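# Remarks on the overall topology
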Amino acid sequence: MLHSKARWNISDCDESAVQQLTQELSISEIVAKLLVVRGIKTVKQAEQFLSADVGRLHDPFLFDGMQQAVERIQKALHTQEKIRIYGDYDADGVSSTALMVQLLKQLNATFDFYIPHRVHEGYGLNRSALDHALKQGVSLIITVDTGISAVDEIEYACELGLDVIVTDHHEPPEILPPALAILNPKKPGCPYPFKQLAGVGVAFKLAHALLGRAPVELLEMVTLGTIADLMPLIDENRLLVKLGIERMRSTVLPGFKALMSVSGVERNTVSAGQIGFSLAPRINASGRLDCADTAVRLLITDSEQEAEHLAFDLDVLNKERQRIVEEMTKDALQLVEADANFHQRKVIVLAKEDWNVGVIGIVASKLLDKYYRPTIILGIDSQTGMAKGSARSIAGFDLFKALSQSADLFKHYGGHQAAAGMTIHQENIPELEQRLQKLAEEWLSEEDYMPIMQADIACELQEVPLELIQQMDQLAPFGMANPSPKFIFRGLRIDELKTIGRDHQHLKLALTEVQHAKTMDAIAFGRGTLAALISPTARVDVFGEMNVNEWNGVRKPQLLIQDICVPQPQVFDWRGVKDFEKKWTDMVSNRLSRTLALTGKPSKDAVGVVVFNKAEKALLPAALTMLGCSLWLVESSGVPQPLNSFARETSFAQIRDLIYYFLPAGLMPMQIALAHAVEVERLYVLLNDPSPLQNTAIPARDLFKSVYAAIQRQPDMDMNSLSVSFSKRSGLTPVMIRFILDVFEELGFIARNGQRYQCTLTPQKRELSTSVLYQQRLQRQEVEQTLLYCSANELSSWILPQIVKEMEASVEAFA
């Protein structure tokens, strides 16, 4: 077996809606299912989803406060007042600022922009920045992607005589700031029909209202900010991003062209995924490590040369950001591994002096991915003792709700269910951790600590040809709330399994659906270590996305594996393996070392090693007895008996990894022992022969008669003479002749005196098959034919039924 890293759920599907869409839209059944599981069940909904009509944008004046905002800006334009755009340092804030710059340029406004420094000033409006604005002649401030929580700061702005228009999309507090106008679709009482716009989306709606038309020339900014801020790509967001990607593929904006070039993104095929994973991190790097002004300047410049220089600078910053993230993640992982009680903790809270607060959110996400539990990473200012933190959470643990219950500990905090930020004094961090641990114990079950992966469809490989994958592009752009279609394929045979990449970090498979003889290439990025955990004879279930792999002009479907499992026990054919010590040591140490280190005793599912007689124990490699393996003796009864202390502390029925190091004398004991291993997940079969025979063939009955007749003709013949003379006549080897003589002696047909043999005068009539030696040789033949002279698949096909039928019986008994 190989357990999946997540629980797989398959979306429910209304089959009648699928049939209707298939027939009326002339689309494939798979595409129709993908639409239906996304809640698109009528022809009208599907047509709207698949189209990109700018005329479907909502009226911007449905925003509460839009009329007041437009009138105030128009007044400022008329009187040439100085306007300041006040933005945020993340990609959404940068995009919003750039969009507003381009808008005010079109309106011939007198304006500038300001983005606070993440480290020196922190998030949002601040009094010092407002004082500077007043001194510099600003009379109107337009916030973008910020301001909804700045109650005190906007009150102060009003005292200074500054008018403030807030455009934001974050959750409003109970008390709203006293701004001249607030544009936020989430504001209580706001009738705007779509509530999930990004900050840049709200800024776009203000531009729409001011210009009296949808400003499609600003859609590149909207697309970048919406994707970067992980907004759901549904409704108006989907329309804006779909139109924006079309524009981006032929953009004339120097900044976007340079940004795509330095990111290695082909402009004419840019996708939402590339925007999110390649373009957005470079924009974010500016605000994380330096001043976000660099990113804004890139997006608004008209100069190709300046754009290339700025894009290069951002690329360098992004590489530095990656280096810092790698170092901080390594530090964080070391703190986790050094915590002897880590396995008992439900929430991860890590703090360290001078960790870069610009990237703590990324580090928190990486630890969440690795350990899947709520995570808070804090960077402590060594001079003030204040810590800034970023948190990421899992389903079932509402971060904002949890932090709200410890509001007394924070200087500032904010966020939502899945992500949050906070400022806290380092003295309060231990108390915060204690409270969060307690909440996690109350709110989360053991099941909650295993992630859920949502699949659209479980189907067969033959149902997803190249043409269908191309049709699925109609559902793009993919992102939050409209993810790339996810598929589950079950019971696939492995035709090829190997690691690829410079450090063998990726897993590449060729998978075949046996019933349809359909084969497909598959790749699992970053999962190269799984190669040692998957037997080539296993049948696998896979979860992933489909894409098109093009190589040398040939286009083929390819599966991008995101999760994989082997639902049945696996047999690893290690017969004749030369590097056993290394393979064994790596496998056992990976499985047991952490358990032993943390608990001081072996796991109940420790690796088990079977021997078939006590003498074999002394022949085992040292590696098997030094790493905490349980040793079991299986004799003729087949019932496993413990041979060491590790075996006495566990149960054979609980073993997950089982080694058959030696070849058994017969099949029955091995079959009985396998039936006792009801929870085994992996069997490693070496079948080394502790006493190899030169020839295990059984002579024909006529040869037995010939040997007996030779002894009758020449009584008292010595062994050497008999072997030489009879071997020449019959072709039997001396070893085979010795076997016949031993059988005769056992049955009482002959008697031996030293090296000489003579026939018994009145032997009892007995069948050869009653001889123990004869039966042992028959069993040995059966063992060799079944276990040695067979392929890996044949070996697996013999072993697995012995286990599976007992597992099924156990399940039925339990039920």
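Now for a look at the structure at hand. Just so it is clear, the model here is predicted, and its values are computed rather than measured.

As a further point, take the nonpolar core. Judged by nonpolar contacts, the single largest core of 80 residues is most densely connected at Leu 99, Met 100, Leu 206 and Ile 283. In contact with Ile 283, not counting residues within four places along its chain, are Ala 91, Val 94, Leu 224, Leu 259, Ala 295, Leu 298, Leu 299 and Leu 314. Trp 574, Val 634, Leu 687 and Trp 798 belong to the second largest nonpolar core, which has 47 residues in total.

This part takes up the environment of Met 717. Tracing the chain through its elements places Met 717 in strand β25 (residues 717–718). Relative accessible area serves as the criterion here: at 10%, Met 717 is assigned to the buried category. The sequence separation of Met 717 and Gln 755 amounts to 38 residues, and the corresponding C-alpha distance is 8.3 Å. Not counting residues within four places of it along the chain, the set of residues in contact with Met 717 comprises Ala 710, Leu 722, Gln 755, Arg 756 and Tyr 757.

Moving on, we get to the sheet that holds strand β27 (residues 756–759). Strand pairs in the sheet, formed through backbone hydrogen bonds, run parallel or antiparallel to each other. Taken together, three strands build an open sheet; the order of strands is β25-β27-β26 and the sheet is antiparallel. The outermost strands of the open sheet, each flanked by one partner alone, are β25 and β26 (750–753). Pairing of β26 with β27 involves four bridges; the strand directions are antiparallel. In the sheet register, Arg 752 faces β27, and the bridge partner there is Tyr 757. Contacting β26 and β27, helix α26 (residues 734–747) crosses the sheet at an angle of about 110° to β26.

With that out of the way, let us pick up the packing of helix α6 (residues 127–135) against helix α7 (residues 151–160). Closest axis-to-axis distance for the α6/α7 pair is 10 Å, and the angle between their directions is 25°. The angle between α6 and α7 places the two elements in the roughly parallel class. Where α6 crosses over α7, the two elements pack in a sense that is right-handed. Of the residues in α7, those in contact with Arg 127, Leu 130, Asp 131 and Leu 134 of α6 are Asp 152, Glu 153, Tyr 156, Ala 157 and Leu 160. Of the residues belonging to the contact of α6 with α7, the class tally is five nonpolar, no polar and four charged.

The rules behind these values
- Residues numbered from 1 in each chain as written.
- Predicted model: local features only at pLDDT ≥ 70, side-chain atom pairs only at ≥ 80, totals over all residues.
- Heavy atoms only, no water.
- Core = buried A, V, L, I, M, F, W, Y, C linked by side-chain atoms within 4.5 Å.
- Buried < 20%, exposed > 50% of the residue type's maximum accessible area, 1.4 Å probe, protein only.
- Contact = heavy atoms within 4.5 Å.
- Helix = DSSP H or I, 4+ residues; strand = E, 2+ residues; numbered from the N terminus.
- Pairing = 2+ DSSP bridges.
- Axes fitted to C-alpha atoms, helices over the stretch in contact; angles between N-to-C directions.
- Parallel < 35°, antiparallel > 145°, perpendicular 65-115°, else oblique.
- Left-handed = near helix turned anticlockwise from the far one by under 90°.
- Nonpolar A, V, L, I, M, F, W, Y, C, P; charged D, E, K, R; others polar.

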